[in-house]
Amino acid sequence: MAEYRIIHVPNPYPYPYPNSINTDFSTSTRSTQCVHSHTPLTNKDASYSRGSPCHTTNHTPNSYSPFISGFISINLKTLKTTMSAAAATITDLPEAILAAIIGLVSDTRSRNSVALVCRKFSSLERATRTSLTLRGNARDLHLIPTCFTSVSDLDLSLLSPWGHALLSPSASSTDPALLAQRLRVAFPSVTSLTVYSRSSSTVQIVANLWPGLRRVKLVRWHLRPQSLLGADFDPLFQQCQTLSDLDLSEFYYWTDDLPPVLEAHPNVARSLTKLNLLTASFTEGFKANEIRSITEACPKLQQLFVACMFDPRYIGFVGEEALLAVSTNCPELRVVHLIDTSSLANARGDPNDDGFTSEDAQIGRAALIDFFSGLPLLEELVLDVCKNVRDSGLALEVLASKCPRLRALKVGQFHGLCSAVGSQLDGIALCQGLESLSIKNSADLTDMGLIEIARGCCKLAKFEVYGCKKITVKGLRTLACLLRKTLVDVSISCCKNLDAAGSVCALEPIRDRIQRLHIDCVWPRDFDLNQVNDYDVGDDESVVMSRNGNDDMDLKWSDDYEHRISKKCKYGSDGDCSYMPTNGYANGNGHGNGNGFWSDETWERLHYLSLWIEVGELLTSLPEVGLDECPNLEEIQIRVEGDCRGRHKPTQREFGLSCLSRFPRLSKMKLDCGDTVGYALTAPPGQMDLSLWERFFLSGIGDLSLSEVDYWPPQDRDVNQRSLWLPAAGLLAECITLRKLFIHGTAHEHFMMFLVRNPNLNLSLRDVQLRGDYYPAPENEMSTEMRVDSCCRFEDALNRRLILD
């Protein structure tokens, strides 16, 4: 809600005026103006100023001197003008300034509140709203208001029923031509569009409606219809000659569809500056010759995102020639993401392997150097190869020198990132301008490597580490010490020596600063937060560093550093330091708590938490590993992964969501059980089907004060079914504060009706939708679950309820 402030009118004369002055100003009860309030406040409620010219002491109303009386009479008109000016409110500002202020409000509900203040605010809010997402039913498109004429960014991909073609007869009974004209009149200024395109006819419609489109994002999770190559893109390139940004990251198509269209429309292709081809549903991605033809057709690209295959065992794999073609054909690139399709599948690796793959990528050091040298404007680079790239340190040094603007870097399966020997920085540590760094599956990265990275990349605000088997709590803890003033976003996943407690303990130096965190819920056995130094640091030969080039030193260097930091904290040389390390210098003697903090044990600034947990494990151990005090945590994402088949019933009845009630500001939750596999129908004896697993996962969710929930039900891959079952519907109906509910799967109509039949839930719930945003999405026409009519009946029941706010 918007915040309104009462403006008090100060009285410059705090004492009664002389009786000889005949003016109603002396007895005025001028009302103080209050925005969004009609309650008058008299002068006695206003705050007075005692610094006025006529302020005296110990006098009566008749004891004023003639000079003072004359002064008051002469300046009375000026005082009235001053009082009128002091009573000005925000509505008296020029419209240009008001429009600029309202335009800076980004939160949707806050903007809606601004529009309810008065008609002037409402018109300015509508005039400054540039982005809008339509969430209504497609049959009601004829009711769209025409007050949002300034909207330039329009999202039509979430219209209900979800997944139906825009303006299709199955979604609405109104003439599609009339609805199209209504959209054109309501949103004449659209230049950026997101739309669910079930068939090429949808692209044809939107291209005719808004030929001036500059950015288009197409969404399709259903199977590609049988049509000619490029049929989904050809109308867009024909009508929208100013197209500069095409996003196909959530659109299923064939890789053969795009290159012919780019070649057939060279003018539009040359105008493209951003192309997103990171489609997660690909199995093989774009081949090397397709990447070459795409980059040749689009020489002005500044941002390129491509899903490809680096495995040399496949025909058309991406190697050195394809990399050099990218840098040669598109020298103006600022953002490059080349990601292997196996990485997009989000499959979790084995934490017990050595980190090396059986095959090496066909990318050598010389090719990487030429690739980096050809992109001098590079600001963000992602190379997730998923095949071994060995001895990459020298190439990364060239990257640091040839790409001085580089701010974000992610490398996957790169080995030899830095030598970590001696005091001289090398390899990736020379990328000193980095603000975001992600290292994935680097088999030889050690604690000394982490320390060298922290010494060199001293501006890092975001750090991600995934699948690095040799790093330990000691190295990560030292990195956190060195980056204490900048690091606010950390992700630790699939690291053999970093379980949940170890990860939390390693981040204690930035516990009061970190804002976003991801860890794996791999619960330790008999872990003590006070015994950090007892962790094994691995091979002694791999953790050797030299301070001056002559004397070798092991990880005890980090202890010395923490000791210096603790002294600065203790004697006040660093005023903002609240960290106190746990190496014997803070052991409960009144200055520290023994768990790594000087005074404050809370995760004060943490507002986003992401967790991975294996199916069958409990969430109740989360507070025990140190994540018990998060007073400002607002959003949590939990991903449950594993195979329920073959597992016996859990010993506990609940997964443990109720333990999250200790976070008072938690309002948003994403519970992703989409990678949990089980039996949708009858399970073997002694096991549970998916309906019982859902009850296990969702039990206790009613204890949380959530306003928004995204839920991915578990799946049965044999029948391609992800459904909400009766126990889950009943448990979700117990969330009496829930305002938005998005179920990424299917459900039966009578299960969904549980959500609107609860009289308590009716007070808040107002936005519910089923989304099959996974590949392949179910064909609703062939399903016995929610169809178009079922969806309309449910939405009618939802909209008939009384919504208090």
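Residues numbered from 1 in each chain as written. Predicted model: local features only at pLDDT ≥ 70, side-chain atom pairs only at ≥ 80, totals over all residues. Heavy atoms only, no water.

Peer 1: Where do I start with the nonpolar core in this structure?
Peer 2: A general tendency of soluble globular proteins is for nonpolar side chains to be buried together. Membership of the largest hydrophobic core comes to 187 residues, with the highest contact counts inside it found for Phe187, Trp210, Ile638 and Leu660. Beyond its immediate sequence surroundings of up to four residues, tryptophan 210 is in contact with Leu154, Leu156, Leu183, Arg184, Phe187, Val190, Leu193 and Cys240. Within the second largest apolar cluster, 7 residues are counted, among which are Leu98, Ile102, Val114 and Val117. (Core = buried A, V, L, I, M, F, W, Y, C linked by side-chain atoms within 4.5 Å. Buried < 20%, exposed > 50% of the residue type's maximum accessible area, 1.4 Å probe, protein only. Contact = heavy atoms within 4.5 Å.)

Peer 1: Which parts of the structure should I look at to understand the packing of aromatic side chains?
Peer 2: We describe a pair of aromatic rings using the distance from one ring centre to the other and the angle between the two ring planes. Counting across every chain of the model gives 14 aromatic pairs. Judged by centre distance (5.3 Å) and plane angle (70°), the rings of tyrosine 253 and phenylalanine 282 are edge-to-face. Taken as a pair, tyrosine 253 in the loop between strand S5 (245–251) and helix H9 (258–264) and phenylalanine 282 in the loop between strand S6 (274–277) and helix H11 (288–297) lie far apart in primary sequence, 29 residues in all. Note on tyrosine 253 and phenylalanine 286: the rings are 6.4 Å apart at their centroids and 50° apart in plane angle, and the pair reads as tilted. With tyrosine 253 in the loop between S5 and H9 and phenylalanine 286 in the loop between S6 and H11, this pair connects stretches of sequence that are 33 residues apart. Take tyrosine 253 and phenylalanine 286: they sit in the same class, and that class is buried. In this structure, arginine 516 packs its charged tip against the face of tyrosine 608, placed 3.9 Å from the ring centre. Between arginine 722 and the ring centre of tyrosine 774, over which it is positioned, the NZ or CZ distance is 4.2 Å. (Phe/Tyr/Trp six-rings, centres within 6.5 Å; stacked < 30°, edge-to-face > 60°. Helix = DSSP H or I, 4+ residues; strand = E, 2+ residues; numbered from the N terminus. Lys NZ or Arg CZ within 6 Å of the ring centre and 35° of its normal.)

Peer 1: It is not clear to me how helix H14 (residues 365–373) should be interpreted in this structure. Could you clarify?
Peer 2: Where H14 is concerned, the buried positions are Ala367, Leu368, Phe371 and Phe372. Angularly, the buried residues of H14 cover 130° about the axis, an arc narrow enough to put them on a single face. The inward-facing, buried residues of H14 abut helix H12 (320–329), strand S8 (335–340), strand S9 (380–389), helix H15 (393–402) and strand S10 (408–414). (Arc of directions from axis to C-beta.)

Peer 1: Before we go on, may I ask you to explain helix H16 (residues 447–456) in this structure?
Peer 2: The buried count for H16 comes to 9 of 10 residues, which makes it a mostly enclosed element. Here H16 has its buried residues at Asp447, Met448, Gly449, Leu450, Ile451, Glu452, Ile453, Ala454 and Gly456.

Peer 1: I'm lost on the pattern of salt bridges in this one. Help?
Peer 2: Opposite charge on two side chains allows them to pair when their charged atoms are near. Taken as a whole and judged by the stated rule, the model has 30 salt bridges. In this structure, glutamate 508 engages arginine 477 in a salt bridge whose closest nitrogen and oxygen atoms are separated by 3.6 Å. Linking glutamate 508 in the loop between helix H18 (500–506) and strand S14 (516–520) with arginine 477 in helix H17 (residues 473–482), this pair joins segments that are 31 residues apart in sequence. Here glutamate 508 falls in the buried class, since its relative accessible area comes to 2%. Relative accessible area serves as the criterion here: at 2%, arginine 477 is assigned to the buried category. Shared partners join several salt bridges into a network, and the residues in it are Arg111, Glu125, Arg126 and Arg129. (Salt bridge = Lys/Arg side-chain N within 4 Å of Asp/Glu carboxyl O.)

Peer 1: Would you mind going over the pairing of strand S19 (residues 668–677) with me for this structure?
Peer 2: The side chains of a regular strand alternate, first on one face of the sheet and then on the other. Among the 10 residues of S19, 7 are classified as buried, and the element is accordingly described as predominantly covered. With 8 bridges joining them, strand S18 (residues 635–643) and S19 adopt parallel strand pairing. From the neighbouring strand, glycine 642 faces S19, where its bridge partner is threonine 676. In the sheet, S19 pairs with strand S20 (residues 708–712) via 5 bridges, with the strands oriented parallel. Within the sheet, the bridge partner assigned to leucine 671 lies in S20 and is tyrosine 711. After leaving S19, the chain enters helix H20 (residues 690–698) and then returns to the sheet as S20, a path that is right-handed. (Pairing = 2+ DSSP bridges. Right-handed = clockwise from strand over helix to strand, strands pointing away.)

Peer 1: Help me out: how do you make sense of the packing of H11 against H12 in this one?
Peer 2: A pair of packed helices is captured by two measures, namely the crossing angle of their axes and the spacing between those axes. Running from amino to carboxyl end, H11 crosses H12 at an angle of 5°, the nearest separation of the two axes being 9 Å. Of the possible angle classes, the one that applies to H11 and H12 is roughly parallel. Facing H11, whose interface residues are Ala288, Ile291, Arg292, Thr295 and Glu296, H12 presents Glu321, Ala322, Ala325, Val326 and Asn329. The class makeup of the residues in the contact of H11 with H12 is 5 nonpolar, 2 polar and 3 charged. (Axes fitted to C-alpha atoms, helices over the stretch in contact; angles between N-to-C directions. Parallel < 35°, antiparallel > 145°, perpendicular 65-115°, else oblique. Nonpolar A, V, L, I, M, F, W, Y, C, P; charged D, E, K, R; others polar.)

Peer 1: Before we go on, may I ask you to explain the environment of leucine 236 in this structure?
Peer 2: Tracing the sequence through the fold places leucine 236 in helix H8 (residues 234–239). Note on leucine 236: relative accessible area 1%, which makes it buried. With 28 residues separating them in the primary sequence, leucine 236 and asparagine 208 have C-alpha atoms 8.8 Å apart. Leucine 236 has contacts with Val203, Ala207, Val216, Leu243 and Leu246, leaving out every residue within four places of it along the chain.

Peer 1: I tried to follow the side chain of aspartate 311 on my own but got confused; where do I start?
Peer 2: Positionally, aspartate 311 belongs in the loop between strand S7 (303–308) and H12. The exposure class assigned to aspartate 311 is buried, which follows from its relative accessible area of 4%. Among the polar contacts made by the side chain of aspartate 311, one reaches the side chain of arginine 313 at a distance of 2.7 Å. Discounting chain neighbours no more than four positions away, the residues touching aspartate 311 are Phe317, Asp340 and Lys387. (Polar contact = N/O pair within 3.5 Å; in protein donor to acceptor, adjacent residues only side chain to side chain.)

Peer 1: What is the right way to read the packing of helix H4 (residues 108–115) against helix H5 (residues 119–128) from this model?
Peer 2: H5 packs onto H4 with a crossing angle of 145° between their chain directions and a minimal axis gap of 7 Å. Contacts between H4 and H5 involve Arg111, Val114 and Ala115 from the first element and Phe121, Ser122, Glu125, Arg126 and Thr128 from the second.

Peer 1: Teacher, can you tell me more about unusual backbone geometry here?
Peer 2: For residues other than glycine, phi is negative in most cases, and the peptide bonds are mostly trans. Between serine 160 and the following residue, proline 161, the backbone shows a cis peptide bond with an omega angle of 0°. Assignment of secondary structure puts proline 161 in the loop between strand S2 (153–155) and helix H6 (176–186). The omega torsion of the bond from tyrosine 775 to proline 776 falls at -10°, within 30 degrees of zero and hence cis. Residue placement: proline 776 occurs in the loop between strand S25 (767–770) and helix H24 (788–799).

Function-wise, these values are silent; they only describe arrangement.
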